[in-house]
Amino acid sequence: MSASLPDLSGRHVVLGVTGSIAAYKSALLVRLLKKAGAEVQVLMTPGAERFIPPLTLGTLSEKEVLTEIFPENEEGSWTKHVALGQWADLFVVAPATAQTIAKLAHGFCDSMLTATALSARCPLLVCPTMDRDMYRHAATQDNLERLREIGYAVMPAEHGELASGLVGKGRMPEPEAILERGAEMMGDEHKPAADRASDSDTFPLTDTEVLVTAGPTREPLDPVRVLTNPSTGTMGYALAEAAARRGASVTLVSGPTTLDPPPGSEVLHVQTAEEMNEAVQARRDTADYVFMAAAVADYTPADPSSTKRKKEDTDEDLALHLCRTPDILKTLGAYKRPDQVLIGFALETDDALENARHKLEEKNLDWIAVNNPTEEGAGFGPTNRVTLLRRNGPAEELPLMPKADLAKALLDRVLMSHQEQG
Ligand code: CTP
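Residues numbered from 1 in each chain as written. Predicted model: local features only at pLDDT ≥ 70, side-chain atom pairs only at ≥ 80, totals over all residues. Heavy atoms only, no water.

(A) Expanded view of the packing of helix 1 (residues 23-35) against helix 8 (residues 175-186). Contact geometry for helix 1 and helix 8: axes closest at 9 Å, N-to-C directions at 45°. As judged from the angle between their axes, helix 1 and helix 8 are oblique. Once helix 1 is placed against helix 8, the crossing between them reads as right-handed. The residues of helix 8 that touch helix 1, namely those facing Lys25, Leu28, Leu29, Leu32 and Leu33, are Pro175, Glu176, Ile178 and Leu179. For the contact of helix 1 with helix 8, the residue count by class is seven nonpolar, no polar and two charged. (Axes fitted to C-alpha atoms, helices over the stretch in contact; angles between N-to-C directions. Helix = DSSP H or I, 4+ residues; strand = E, 2+ residues; numbered from the N terminus. Parallel < 35°, antiparallel > 145°, perpendicular 65-115°, else oblique. Left-handed = near helix turned anticlockwise from the far one by under 90°. Contact = heavy atoms within 4.5 Å. Nonpolar A, V, L, I, M, F, W, Y, C, P; charged D, E, K, R; others polar.)

(B) Up close: a negative patch on the surface. On the surface, a cluster of negative charge is made up of Glu312, Asp313, Asp315, Glu316 and Asp317. Structurally, aspartate 313 is set in the loop between strand 14 (299-301) and strand 15 (322-324). (Patch = residues over 30% accessible without salt bridge, like charges linked within 9 Å, V, L, I, M, F, W, Y side chains within 5 Å. Areas by Shrake-Rupley, 256 points an atom, 1.4 Å probe, with all protein chains shown as cover. Salt bridge = Lys/Arg side-chain N within 4 Å of Asp/Glu carboxyl O. Lys, Arg positive; Asp, Glu negative; His and termini not counted. Charge placed at Lys NZ, Arg CZ, Asp CG, Glu CD.)

(C) Structural view of the side chain of threonine 100. Relative to the helices and strands, threonine 100 resides in helix 4 (residues 98-105). Overall, threonine 100 belongs to the buried group, its relative accessible area being 3%. (Buried < 20%, exposed > 50% of the residue type's maximum accessible area, 1.4 Å probe, protein only.)

(D) How the structure looks around the domain arrangement of the protein chain. Looking at the protein chain, the domain boundaries give domain 1 (12-193) and domain 2 (209-300 + 322-421). Carbon and sulfur atoms supply 44% of the area that domain 1 and domain 2 bury against each other, a total of about 1000 Å² over both sides. If you look at where domain 1 meets domain 2, you find two residue pairs in polar contact (both at pLDDT 80 or more). Grouping the constituent residues of the side of domain 1 that touches domain 2 by class yields three nonpolar, two polar and five charged. (Domains from an automatic or database assignment. Buried area = accessible area lost by both parts, 1.4 Å probe. Polar contact = N/O pair within 3.5 Å; in protein donor to acceptor, adjacent residues only side chain to side chain.)

(E) Structural view of helix 10 (residues 234-245). Between the first and last C-alpha of helix 10 there are 16 Å, a value that for twelve residues agrees with the 16 Å anticipated at 1.5 Å per step. A large share of helix 10 lies buried, amounting to eleven of its twelve residues. Burial in helix 10 covers these residues: Met235, Gly236, Tyr237, Ala238, Leu239, Ala240, Glu241, Ala242, Ala243, Ala244 and Arg245. Among the residues trailing helix 10, glycine 247 stands out with phi positive, at a value near 100°. (Expected span 1.5 Å × (residues − 1).)

(F) Quick look at the nonpolar core. Val210 and Tyr289 are the most contacted members of the largest nonpolar core, which totals 35 residues. Only strand 8 (209-214), helix 10, strand 11 (249-254), strand 13 (289-292), strand 16 (341-347), strand 17 (367-371) and helix 14 (403-421) provide two or more residues apiece to this core. A per-element tally of this core places helix 10 first, with eight residues. Discounting chain neighbours no more than four positions away, the residues touching tyrosine 289 are Leu205, Thr208, Glu209, Val210, Leu211, Val341, Ile343, Val414, Leu415, His418 and Gln419. The next biggest cluster of nonpolar side chains, apart from the first, holds 34 residues, and it includes Leu8, Val13, Ala22 and Ala38. (Core = buried A, V, L, I, M, F, W, Y, C linked by side-chain atoms within 4.5 Å.)

(G) Representation of the site of the ligand in the model. In the region of the ligand, 16 residues are neighbours, and Met292, Ala294, Phe345, Lys359 and Lys363 sit closest. Within the backbone of methionine 292, an N or O atom sits 2.7 Å from an oxygen atom of the ligand. A distance of 2.8 Å separates an oxygen atom of the ligand from a polar backbone atom of alanine 294. In isolation the ligand has 570 Å² of accessible area, and contact with the protein removes 77% of it. (Near = heavy atom within 4 Å.)

(H) Inspection of the pairing of strand 17 at higher detail. A large share of strand 17 lies buried, amounting to five of its five residues. Alternating positions in strand 17 separate into two faces, Trp367, Ala369 and Asn371 on one and Ile368 and Val370 on the other, with burial throughout. Sheet topology note: the strand 16/strand 17 ladder contains five bridges and is parallel. Within the sheet, the bridge partner assigned to glycine 344 lies in strand 17 and is isoleucine 368. (Pairing = 2+ DSSP bridges.)

(I) Quick peek at the sheet that holds strand 16. Read across the open sheet, the eight strands follow the order 12-11-8-13-16-17-19-20; overall the sheet is mixed. The two strands at the open ends of the sheet, each matched to only one other strand, are strand 12 (265-269) and strand 20 (395-397). Adjacent strand axes in the sheet meet at a mean angle of 15° when their direction is disregarded. Summarising the sheet, strand 8 and strand 13 pair through four bridges and their orientation is parallel. Opposite valine 212, over in strand 13, you have phenylalanine 291 as the bridge partner.

(J) Just the sheet that holds strand 1 (residues 12-17), in detail. The five strands are arranged 2-1-3-4-5 in an open sheet whose pairing can be described as parallel. Each edge of the open sheet carries a strand with a single partner, namely strand 2 (39-44) and strand 5 (153-154). Here strand 1 runs beside strand 2; their pairing, made up of six bridges, is parallel. Paired with valine 17 across the two strands is methionine 44, which belongs to strand 2. Set on the sheet, helix 5 (residues 112-119) makes contact with strand 1, strand 2, strand 3 (90-96) and strand 4 (124-128); between it and strand 3 the angle comes to about 145°.

(K) Just the state of the cysteines, in detail. Across all of its chains, the model carries zero disulfides by this definition. With no disulfide partner, cysteine 122 has as its closest neighbouring cysteine sulfur the one in cysteine 127, 14 Å distant. Judged by relative accessible area, which is 3%, cysteine 122 ranks as buried. The exposure class of cysteine 127 is buried, given its relative accessible area of 0%. (Disulfide = S-S within 2.5 Å.)

Structure follows, in structure tokens:
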């Protein structure tokens, strides 16, 4: 492996190549991935073969390039897309044409590439590559937004001279930049598929629906002002990602955050506590596990103005009239199925354990993770230190750790306990 490349030894990368003049850059990407130690399986759409021969990419990747789901003269291989979807640690589509992006956004599966994308449980990285006006067309931008919503990462096209002679955005990013982004997406914690299996084998979540909430809510005072809090959504996003990696079908209901959608989750974006409540209650009957990590506002302006409020021409203080928002978790607790597991989070600055235990009982929860945001490293940042309380069980203090590790630790404890119970 070259010193300047990330170490991808043992990683499995599926590279989807579609019909664009930039397909020649895919050959460079395959070389880089191979040099970094990855095993690469190239999938081409029929259109891509008009730009670069499969023989070139097959030779560089040392694997036969696949195009059709139902190859001629080959019996019994039609489930290959499912096997490849399980095999992959990362799926990159580069170059990704407007046509393939539209198909991915709408769940088409008319080629090996699109069918494998639907089967994949790994992070997906899409590199849109097309002419300037196609790229900025509302239809393409909507499709890219949809891809982000369903958890795909999208690398913006680069600005420059395009094959048509126009100048603008539409160029495929350089293979080195794609490699770097792909390596980041697999991350240190994403072990090769072979090792990952042992994680998910211990406490798998297949055939399980997991509902996670994350981030703050935003309560409008008027069209330009909101009441909110500093939650970043990191904990909920980490939980969603960790659950999806164990095979769960994950819905993430997210307040406004700046985070990329976690791979493998369906993301529903909401703003207010009321909208979050609606999204969550609509899914409560089918959810097996609910992680309520969002920092939901307890109060919202009683009478938000539809026009911008002007300041009064006096020195008098302004009093706001706030009313209660729905307590989402308490409602879930009231309708809880006996086999459903509810996990709450509590921020407490005083009498943490006593208050958290009270919330656990009042909201009919199975678990609650409590932290004191005034302790160093335990607030709205990238790390947290929580104490985990369970119904009728002792409290466990977990050490300070990054939220991605905490997500796994919480899942391990919750799943170990509930899967053992049967
Ligand atoms: N929660 C909720 N709906 C609300 C407020 C909170 O579902 N309107 C959830 C949070 O997502 C969290 C748990 O309830 O999982 C506890 O939240 P917390 O803010 O600590 O407690 P509150 O019940 O709001 O009580 P207080 O603010 O008085 O401590």
